[in-house]
Amino acid sequence: MFLANPCKLSRSTHFLLSIRSFSPANVLSRPCKSLYEMFEPSGYTDSISRIKKALHPNVWSESVEMELDSLNIDLNTYVLNQVLKSLSNSDVAYHLYWWAESKPNFHHNHFTTKSVISLLTKEQNLGLLTEFFRRRKIGSGYQFHHSVYRYFISGYVRAGLISLAIEAFEELLGSDWGIVSVDYNRFMGVLIKNCSFHLLEVYYDTLSRYGFCLTAFTYSRWISGLCEAKRGELVEKLLEDMDKISLFPDIWACNIYMDYLCKSNSMNEALHFLQSMVKKGTDPDLVTYTTVIDGLCNIKRFTDAVHLYDEMIQRGFIPDIVNCGALVFGLCNNGKVEIAYELLMEMLKLGVKPTVPIYNALISGFWKMDQIDKAQIIISFMQRNGCKPDIVTYNILLNHYCDKGMLDKAEALIRKMEMCGVHPDGHSYNQLLKGLCKANQVDKAFAFLSDHMEVGGFCDVVSCNILIDAFCKSRKVQAAYRLFKEMSYKGIRPDSVTYSTMIKGFFTVGHYTLAEELFDEMPKKGLTPSINLYNIMMHHLCKEGQYNQTQKLFSDMIARGISPDLVSYNTLMNGFRFHNKSNESLALYKEMRERGVMPDELTFRFLIDGLLRDGKSKVAYEIWEHMMENGITLHKEVSERLVKAINLENK
């Protein structure tokens, strides 16, 4: 299919750089073999041999050009093309081409031009290729053959020069050759590969009006590219256009689009598209079903996920580990362990062998539900079926023992792991450390960290944070601070949790100055305090009557991109009410609502109490009315004071 009326297309789209008119000179650029190309007379063989000999150094120079000029040969396109095809140096080929151009009555044809471009493209000689393209067009009215434009476009694409590839395509659009469907699809493929989505839409909208159609393959690549770039909003339009010409994406594109919909939580659209796939003849595969089942589990639509799994089985699919795992993990992570267990039984009947991670998900789920017997049954079952428990399995058991205070069993399990070749990792040791601290065995925990974990290289920032927190809760803040100081010597960098724990510990025992010093040190260490730590600091400053410092800290928190929460606002209001700052409290009340933080009973109690202390009973009454509209009851003592104040004012 050739492009109708290319001049009209040029004016309407502004794509074309120039349009060459057809002339007799251009006839020579057509791919027609001459008689002397069909038969090679001996005279031509001699001419070819003599030119090759003159080019023997394989480097172009003035002396080479002079020797060529001195040859008394019959130069024609056949002779020249045979020489060009024999060359391995694109620079020599380029200069030979233009040397021949300068000879009287010599006109290049499609074959000589194609040979030069082929060599320039093969050697990625992009500088000369671009110069050749521009020089060939200027002044002579020469028009490249259709296949030559393809060489230009492919060469530029391989070199990543997309703008030049676009220029060559536009030249082809304006040539006498026009474009055919294969050119259009190839070019759109180039734009897809380079994520030139704006240009894709421009060319697509324009050329579609002239009857050009993309193939199902090109549409599929475009849909895939849009989804991978998270620009799926155009996919629906492309699907509608495909439907008009009875096309549908291939399974690869369908699965990528399905993944995009599921990750966007557009599960209704995903289920609708799944049905479309069945109707349009692109049958879903295991990847399709796995993607949708996983997406349904992520938004807790477990009934739909199980129904889809059953549908998959009914359609004759044999589930694999990935497919079953998606459903088992989703169910177990959301407390639907019994359903997951039933699914495991079905898997076994279908001949699917569960992996250790699938067993681990079930074991963890049953532990969390305190169904210890079932967890133990799963462990025994997996061992009988040739699945050895891994480090994750043991850590699940260890976590359970430590949470339940079964430290003897936890320590025995650690010893068993060390003996049977399943080496405990940092998580294993930290779980035991946490269990010891939870049982108030802080000294034993410290000894375990020093004598066992440090020696094995398992002491990390998490280990130190666990022990520092335990020391602080036991009011052994000095011991916590010593460990904090020792962390740098151990090559462990304290994090925000470490600082927060120490600051709270210092506040607990009244070491306010040290707490403030540590808080001020955090930004210098590149650490940002959490909202919880800001709230603790503001509470302390308000308690000390340092309201200016409190407001400064509040502003600093917002400047760092940390949004104040309900505790932040209540802390400030609680401080303001005792120091005649009801106007500031009102401003905070307005701000928190604008930020979407809903006031609670404490907010209204602090605000109304502050207004009453400042003698603003009318404003307090208006706030109380708003409070009642929101279904919140005012604190009894403040409510009685408000009634008295209103009654006094009305007398």
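Bear in mind the structure is a predicted one, so any value in this text is a computation, not a measurement. (Residues numbered from 1 in each chain as written. Predicted model: local features only at pLDDT ≥ 70, side-chain atom pairs only at ≥ 80, totals over all residues. Heavy atoms only, no water.)

Caption draft 1: Quick look at the overall build of the chain. Helix and strand counts for the chain come out as 37 helices and zero strands. Here the chain holds 651 residues, and 47% of them are scored as buried. Looking at the chain alone, contacts between residues at least 24 apart form 64% of all its contacts between residues at least 6 apart. Accessible area for the chain stands at about 32,500 Å²; split by element, carbon and sulfur atoms hold 53% of it. (Helix = DSSP H or I, 4+ residues; strand = E, 2+ residues; numbered from the N terminus. Buried < 20%, exposed > 50% of the residue type's maximum accessible area, 1.4 Å probe, protein only. Contact = heavy atoms within 4.5 Å. Areas by Shrake-Rupley, 256 points an atom, 1.4 Å probe, with all protein chains shown as cover.)

Caption draft 2: Structural detail: helix α28 (residues 477-489). Along its 13 residues, α28 runs 19 Å from first to last C-alpha, staying within 8% of the 18 Å computed at 1.5 Å per residue. Among all positions of α28, only Val477, Ala479, Ala480, Tyr481, Leu483, Phe484 and Met487 are buried. For α28, the elements touching its buried residues are α27 (461-473), α29 (496-508) and α30 (512-524). Looking one or two residues past α28, Gly491 carries a phi angle of roughly 80°, positive in sign. (Expected span 1.5 Å × (residues − 1).)

Caption draft 3: Expanded view of the packing of aromatic side chains. Per the stated rule, a full pass over the model turns up 23 aromatic pairs. The interplanar angle of 65° and the centroid separation of 6.3 Å between the aromatic rings of Trp367 and Tyr401 together place this pair among those described as edge-to-face. Taken together, the residues span a long stretch of sequence, with Trp367 in helix α21 (residues 356-368) and Tyr401 in helix α23 (residues 391-403) at a distance of 34 residues. Taking the relative accessible area as the measure of exposure, Trp367 reaches 5% and is therefore buried. (Phe/Tyr/Trp six-rings, centres within 6.5 Å; stacked < 30°, edge-to-face > 60°.)

Caption draft 4: Layout of the nonpolar core. Residues Met188, Trp222, Phe273, Val328, Met502 and Ile503 are the most contacted members of the largest nonpolar core, which totals 149 residues. Broken down by element, this core gets its largest block of residues, eight residues, from α21. Contact partners of Met188, with chain neighbours within four places excluded, come to Leu200, Tyr203, Tyr204, Leu214, Thr218 and Trp222. Counting residues in hydrophobic clusters, the runner-up holds 34 residues, among them Val64, Ala100, Leu120 and Leu129. (Core = buried A, V, L, I, M, F, W, Y, C linked by side-chain atoms within 4.5 Å.)

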